[in-house]
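Residues per chain are reported as follows:
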Amino acid sequence: MPIKVRFPPSPTGLLHVGSARTALYNWLFARHTGGTLVLRFEDTDRARSTDEAIEQALRVLEWLGIDWDEGPTRQSERMDVYRETAERLISEGKAYRCYCTPAELDEERTRRQKAGEPVIYSGRCRRLTAVERDAFEAEGRPSAVRLHVDPAGETVIEDVVRGTVRWENALLGDHIILRSDGTPTYQFANPVDDIADGITHVVRGEDLLSSTPRQLAAYRALGAPEPVFAHLPMILGPDKKKLSKRHGAVSVEEFRDRGYLPSAMRNYLALIGWSFDDKTTVMTTPELIERFSLERVNTSPGVFDPAKLEWLNGEHLRMLTPEEYVRELQSYLERVGSPLAQHPERVAEVAPIVQEKLRELAQFESFAGFLFGPVTYEDEAVRRVVDDPDAPRAVESAKASLEALPEWTAAAIEEALRAACHETGLKPRVLFFPLRVAISGRTVAPGLFESLELLGRDESLARIDALGRKFTLEG
RNA sequence: GCCCCCAUCGGCUAGCGGCCUAGGCCUCCGCCCUUUCAAGGCGGCAACACGGGUUCGAAUCCCGUUGGGGGUACCA
């Protein structure tokens, strides 16, 4: 039987890395097996669902390169289906109307809680006589619809990642499938759609494991074949708590905006809860698709580690061809509205000398901005030069050799500067450091010789002069 | 309270009874690359939660404890 999976986010907030990982696993599984992926928005909670959230989710999926084969559908457009299905269940005696008020339900809950009993619905309204029911209706009492869950026996699943998991049916209670306003609950809309869509594998977060028996009760009531379940371990914040907005950088778009590559994000996300073997870390997306399997998903929750993502992004940045790198960099600069985006030719010239160092494209502006316009000096960098007794000599000698240079290329510059080292007896690190600060204003920058070449002779010498004046003034 | 899940270095993980004096990656710390450095190379610190079993033999299997997580909604 062909495999069919789905990713059904509820558009009630930002799609964070946890949901993105779930989407990714479904996608990898579908692509690996040649199956089908369905995208569905579960927006039955009208109060909390927003169009903005849907648009955001779509943007994230597009950026991540996760495409789908069917949908996106919206549950809010299928309200009549859920209602009709619930009605049918009522007429078949598998569901019933419940007239209990929130206050009554609340009271029952606290009473059971105190008594140390499982907190489930008593099933009181299931036993209502026709007369009692008519009375409630006449009274105009609102009613919800509950699914009658047979308390006998147990519900057992063979979870692909967790193995056998079982629940006593007596501990389930009759849950609500249709609210009193006529809208379906997740416990109902979700299985109804999964059945309608012919979903064969339900791959989702572990937070949904406990709700599985309730959904399976719906499958049974509807006489549908059960899907295979795979509950993925949760992704936790650094405090080992469930991921939330409180944890800062967990919104996928935030990483996109800092210049992360989708391929790096996919690689990193794939590695929380899954591994290929004991050695492989860096993987391209085709490799991920080729190697992914639900059987190798592990059971324990994982902490989201931005540091490793950052490292991995550097790896993926370096895997790009020079041409690809320029394209990524230029489009990144445009997307974030960087002024440097105005100079695509310059970006193309500079890109090769930063590719080996950057971990995030967002670092580009501070790392290479000095090649686009005037320098701004970091206090720290200037101070270190001013405090260096050898600096004046270094600058003077370097300046002399550079001025005499017939040809302004990185190779010639390197040769001249190394000769200057030899003449002055200064170590390269000592002689080069003030030059780096002079042209870039920073202690951390791309390669010195390449930077000088790109900057041009006049500008380079002007900056070296400017720094020289700085320490005749301050030193 | 009740139900379910989980438990290897600071983090991600490998390990599915002997190959483990526990391997890889990130982080951190050193050293090297007669150029800073966030790049590269080399090296180092660092873990089987605890207690009982089972077994010739347990990180691996079973039970319990502890700890963490999730659910227990007319949220998803």
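Residues numbered from 1 in each chain as written. Chains lettered and ligands numbered in written order. Predicted model: local features only at pLDDT ≥ 70, side-chain atom pairs only at ≥ 80, totals over all residues. Heavy atoms only, no water.

A. Highlighting the overall build of chain A. What chain A contains, in helices and strands, is 20 helices and 12 strands. For 475 residues, the compact-globule estimate of 2.2 N^0.38 gives 23 Å, and chain A exceeds it by more than 25% at 32 Å. Its C-alpha atoms put chain A at 105 × 45 × 40 Å along the principal axes. Sorting the 475 residues of chain A into buried and exposed places 50% on the buried side. With an accessible surface of roughly 22500 Å², chain A has 50% of that area assigned to carbon and sulfur atoms. (Helix = DSSP H or I, 4+ residues; strand = E, 2+ residues; numbered from the N terminus. Rg over C-alpha atoms; globule rule 2.2 N^0.38 Å. Buried < 20%, exposed > 50% of the residue type's maximum accessible area, 1.4 Å probe, protein only. Areas by Shrake-Rupley, 256 points an atom, 1.4 Å probe, with all protein chains shown as cover.)

B. Just the environment of A196, in detail. By the secondary structure assignment, A196 is in helix 6 (residues 186–197). The exposure class assigned to A196 is exposed, which follows from its relative accessible area of 51%. When the C-alpha atoms of A196 and T280 are compared, they prove to be 39 Å apart, with 84 residues separating the residues in sequence.

C. Quick look at the packing of helix 6 against helix 7 (residues 212–222). Packing of helix 6 against helix 7 leaves a shortest axis separation of 9 Å and a crossing angle of 55 degrees. Here helix 6 lies oblique to helix 7, going by the angle between them. Judged by the sense of rotation from one axis to the other, the crossing of helix 6 with helix 7 is right-handed. Facing Y186, Q187, N190, P191, V192, D194 and I195 of helix 6, the residues of helix 7 in contact are R214, Q215, A218, Y219 and L222. Classifying every residue of the contact of helix 6 with helix 7 by side-chain character gives seven nonpolar, three polar and two charged. (Axes fitted to C-alpha atoms, helices over the stretch in contact; angles between N-to-C directions. Parallel < 35°, antiparallel > 145°, perpendicular 65-115°, else oblique. Left-handed = near helix turned anticlockwise from the far one by under 90°. Contact = heavy atoms within 4.5 Å. Nonpolar A, V, L, I, M, F, W, Y, C, P; charged D, E, K, R; others polar.)

D. Fine view of helix 13 (residues 344–354). For helix 13, the complete set of buried residues consists of R346, V347, V350, A351, I353 and V354. For helix 13, the buried positions fall inside an angular range of 165 degrees around the axis, keeping them on one side. On the buried face of helix 13, the contacting elements are helix 12 (322–335), helix 14 (364–368) and helix 19 (448–455). (Arc of directions from axis to C-beta.)

E. Structural detail: the side chain of T85. Structurally, T85 is set in helix 3 (residues 79–91). Leave out the neighbours within four places in its chain, and T85 touches F188, V192 and L222.

F. Local environment of the protein's contact with RNA strand B. In the region of RNA strand B, 69 residues are neighbours, and R179, K241, K357, P428 and T443 sit closest. The sugar-phosphate backbone supplies 69% of the atoms of RNA strand B found within 4 Å of the protein. Here a sugar or linking oxygen of RNA strand B sits 2.6 Å away from a polar atom, N or O, in the side chain of D45. Within the side chain of K308, a nitrogen or oxygen atom sits 2.7 Å from a base oxygen of RNA strand B. Elements with a contribution of two residues or more to the surface near RNA strand B: helix 4 (102–114), strand 7 (163–168), helix 6, strand 12 (302–303), helix 11 (306–319) and helix 18 (428–440). Considering only residue class, the surface near RNA strand B consists of 24 nonpolar, 17 polar and 28 charged. (Near = heavy atom within 4 Å. Polar contact = N/O pair within 3.5 Å; in protein donor to acceptor, adjacent residues only side chain to side chain.)

G. Just the pattern of salt bridges, in detail. Enumeration over the complete set of coordinates arrives at 41 salt bridges. A salt bridge links E92 to K94, with the nearest nitrogen and oxygen atoms 3.3 Å apart. Salt bridges linked by common partners bring R6, R40, E42, R78, D193, D194 and D197 together as one network. (Salt bridge = Lys/Arg side-chain N within 4 Å of Asp/Glu carboxyl O.)

H. How the structure looks around the layout of surface pockets. A volume near 1200 Å³ is recorded for the largest pocket. Lining the largest pocket are 42 residues, and of these S10, T12, H16, S19 and D207 lie nearest its centre. Counting only elements with at least two residues in the lining of the largest pocket, the list comes to strand 1 (4–7), helix 1 (17–33), helix 2 (51–64), helix 6 and strand 9 (201–205). As a volume, the second largest pocket reaches approximately 300 Å³. (1 Å grid on protein atoms, 1.4 Å probe; cavity = no way out; pocket = protein on both sides within 12 Å on 5 of 7 lines; lining within 4 Å. Points joined across faces, edges and corners; volume = space filled by probe spheres on them.)

I. Highlighting the sheet that holds strand 2 (residues 36–41). Taken in spatial order, the three strands line up as 1-2-3 in an open sheet, and their pairing is parallel. On the outer flanks of this sheet lie strand 1 and strand 3 (70–74), each paired with one strand and no other. The sheet shows a mean angle of 25 degrees between the axes of neighbouring strands, direction not considered. Two strands pair when backbone bridges link them, and strand 1 and strand 2 are joined in this way by four bridges, in the parallel orientation. When the bridges of strand 2 are listed, K4 appears paired with T36. Here helix 2 sits on the sheet in contact with strand 1, strand 2 and strand 3, set at roughly 155 degrees to strand 2. (Pairing = 2+ DSSP bridges.)

J. Region of interest: unusual backbone geometry. Residue P72 is bonded to the preceding G71 through a cis peptide linkage, with omega at 5 degrees. Along the chain, P72 turns up in strand 3.

K. How the structure looks around the packing of aromatic side chains. What the rule picks out here adds up to eight aromatic pairs. Here Y268 and F304 contribute two aromatic rings whose centre-to-centre distance is 5.4 Å and whose plane-to-plane angle is 85 degrees, an arrangement assigned as edge-to-face. Of the two residues, Y268 sits in helix 9 (residues 262–270) while F304 sits in the loop between strand 12 and helix 11, which places them 36 residues apart along the sequence. Per residue, the accessibility class of Y268 equals that of F304, and both read buried. Residues W274 and F292 carry aromatic rings whose centres are separated by 5.5 Å and whose planes lie at 40 degrees to one another, so their mutual orientation is tilted. One end of the pair, W274, is in the loop between helix 9 and helix 10 (285–291); the other, F292, is in the loop between helix 10 and strand 12, with 18 residues separating them in the sequence. Relative accessible area serves as the criterion here: at 0%, F292 is assigned to the buried category. Three or more aromatic residues link up through ring pairs in this structure, and these residues are F255, Y260, Y268 and F304. Lying across the ring of Y25, R21 places its NZ or CZ 5.0 Å from the centre. (Phe/Tyr/Trp six-rings, centres within 6.5 Å; stacked < 30°, edge-to-face > 60°. Lys NZ or Arg CZ within 6 Å of the ring centre and 35° of its normal.)

L. Broad picture of the nonpolar core. Ranked by size, the top nonpolar core spans 57 residues in total, and within it Y325, V350, V354, F364, L371, L417 and L431 carry the most contacts. Ignoring sequence-local partners within four residues, the contact set of V354 consists of Y325, F364, F367, A368 and P446. (Core = buried A, V, L, I, M, F, W, Y, C linked by side-chain atoms within 4.5 Å.)

M. How the structure looks around the pairing of strand 10 (residues 228–232). Within strand 10, four of the five residues are buried, which leaves the element mostly enclosed by the surrounding structure. For strand 9 and strand 10, the ladder comprises five bridges, and the chain directions are parallel. Residue pairing across strands places G205 opposite L232, the latter belonging to strand 10. Taken together, strand 9, helix 7 and strand 10 form a β-α-β motif whose crossover is right-handed. (Right-handed = clockwise from strand over helix to strand, strands pointing away.)

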